[in-house]
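Results of the structural survey
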Amino acid sequence: MDSGSKLFNEYKGFAFPLIIFLNNENIEIDRFYGYSPPEEFLIKLNNIINNEHTYKNYFTEYTNGNKSAEVLNALASKYVDRGEDSLALSIYTELLFKSDLSLQHFHNAKFFIAKFDINYNDSHIGLLNYLKKYPNTPLLQESIYELSFYYKSNDQIELELLLYEKYINNFLTDYNFLNSYCWRMTELNNNLDDALIKINLALTLLNEQNNTYANILDTKAEILWKLNRHKEAVNIINLALEIEPTNNYFNAQKEKFLDN
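On a predicted model such as this, the values are computed, not experimentally measured, just so you know.

The next thing to look at is the overall build of the protein. The number of helices and strands found in the protein is 14 helices and two strands. Across its three principal directions, the C-alpha atoms of the protein cover 65 × 40 × 35 Å. Going through the 260 residues of the protein one by one, you find that 41% of them count as buried. By sequence separation, contacts in the protein at least 24 residues apart represent 45% of the contacts at least 6 residues apart. Counting only carbon and sulfur atoms, one obtains 51% of the accessible surface of the protein, whose full area is about 14900 Å². Separation between the mean location of the 23 positive side-chain charges and that of the 35 negative ones in the protein comes to 3 Å.

Bringing helix α11 (residues 192-204) into the picture now. A rise of 1.5 Å per residue sets the reference length of α11, with its 13 residues, at 18 Å; its end C-alpha atoms lie 19 Å apart and thus fit the reference within 8%. For α11, the elements touching its buried residues are α10 (175-188) and α12 (213-226).

In this section: the nonpolar core. Core analysis: the largest hydrophobic core is formed by 46 residues, its most contacted members being L127, I144, Y167, M185, I199 and F257. Looking at this core element by element, the count peaks at eight residues for α12. Setting aside residues no more than four positions away along its own chain, Y167 makes contact with L131, L140 and I144.

With that settled, the discussion passes to the pattern of salt bridges. In the structure shown here, the tally under the stated rule is eleven salt bridges. K198 is the salt-bridge partner of D194, the closest N and O atoms lying 2.6 Å from each other. Placement of the pair is D194 and K198 together in helix α11, with a separation of four residues, close to one helical turn. Using a relative accessible area of 25% as the deciding quantity, one classes D194 as partly exposed. Among the residues examined, K198 registers a relative accessible area of 9% and is labelled buried. One salt bridge connects E222 with K256, and the closest N-O pair in it is separated by 2.9 Å. Placement of E222 in helix α12 and of K256 in helix α14 (residues 248-258) is noted, with a sequence separation of 34 residues between them. When its relative accessible area of 6% is taken as the criterion, E222 is described as buried. Each of E28, R31, R82 and E84 takes part in salt bridges that share partners, so that together they form one network.

Criteria and cut-off values
Each chain carries its own residue numbering, running from 1 in the direction its sequence is written. With the structure being a predicted model, the display of local features is reserved for residues of pLDDT at least 70 and the display and counting of side-chain atom pairs for 80 or more, all residues being used for whole-chain, interface and lining totals. In computing side-chain values, all of the structure's heavy atoms are included and hydrogens and water are not. Each helix corresponds to a stretch of at least 4 residues labelled H or I by DSSP, and each strand to a stretch of at least 2 residues labelled E; elements are numbered beginning at the N terminus. Whether a residue is buried, partly exposed or exposed follows from its accessible area with a 1.4 Å probe, protein chains only, as a fraction of its type maximum: under 20%, in between, or over 50%, in that order. For this analysis, residues touch if any pair of their heavy atoms sits within 4.5 Å. We get accessible surface area from the Shrake-Rupley algorithm with a probe of 1.4 Å; when it comes to residues, only the shown protein chains can shield them. Residues scored as charged are limited to Lys and Arg (positive) and Asp and Glu (negative), so that His and the chain ends carry no count. Here the site of a charge means atom NZ of a Lys, CZ of an Arg, CG of an Asp or CD of a Glu. Expected helix span is computed as 1.5 Å times (number of residues minus one). Working definition of a nonpolar core: buried Ala, Val, Leu, Ile, Met, Phe, Trp, Tyr and Cys residues. They are joined through side-chain atoms within 4.5 Å. When a carboxyl oxygen of Asp or Glu lies within 4 Å of a side-chain nitrogen of Lys or Arg, that pair is called a salt bridge.

Here's what the structure looks like:
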């Protein structure tokens with residue numbers, strides 16, 4: 001475990017699982033994070049074998065003079081994955097001056113530059129200005145998550161609540177965002193009646209076979225408990241336990257609800 005942590009830090013990893021591919025000279029070819037279905041994983045492996053769509057491939061293209069928007073966008077993204085944000089910032093800044101810039105590439109660059117200000121300059125003004133200028137950005141959800149995390153980290157609860165109030169209606173068909181919002185309201189003990197409405201909406205957006213369903217039931221149970229509706233909270237957490245009867249967290253939640 002210690003050796004794994006050492007390697008993870010050495011290669012500037014930021015999420016698990018992380019797979020890094022090196023050549024025989026220990027030079028990184030590419031990396032990817034998270035779970036991939038078998039078919040997608042095989043595609044990635046073939047890309048590694050053929051040196052296509054890899055960090056090494058894009059870096060070589062760039063150093064050989066190919067500075068198209070597509071290559072710049074891909075290389076910047078690879079730098080982000082490698083934890084080399086300063087290099088990513090430089091490439092994304094260069095990307096904004098390209099004549100073949102696509103709308104998605106434009107927003108990737110603008111969003112990263114604004115996020116860089118949050119992470120390294122402790123300033124969220126750039127991201128606020130980005131949202132003000134581009135209210136229909138395809139990266140709206142990512143922007144709201146970044147801002148809400150910033151406000152939460154800085155204990156700026158009033159601004160966090162105003163942010164959710166302004167944007168929550170943009171995500172009424174996204175059960176993950178609704179669940180995140182509702183759980184945060186239980187942490188803040190605020191807007192609980194609205195959270196109950198929103199979590200009920202989230203439950204209508206997926207079926208019981210979805211892996212997230214039990215977690216959303218847990219959020220609903222927590223809201224009901226916060227509203228002092230303890231019997232209802234127990235009933236709802238029991239539904240979650242029917243789906244995952246050995247889940248230790250759900251069982252602990254039930255005990256908590258029964259103690260009141």
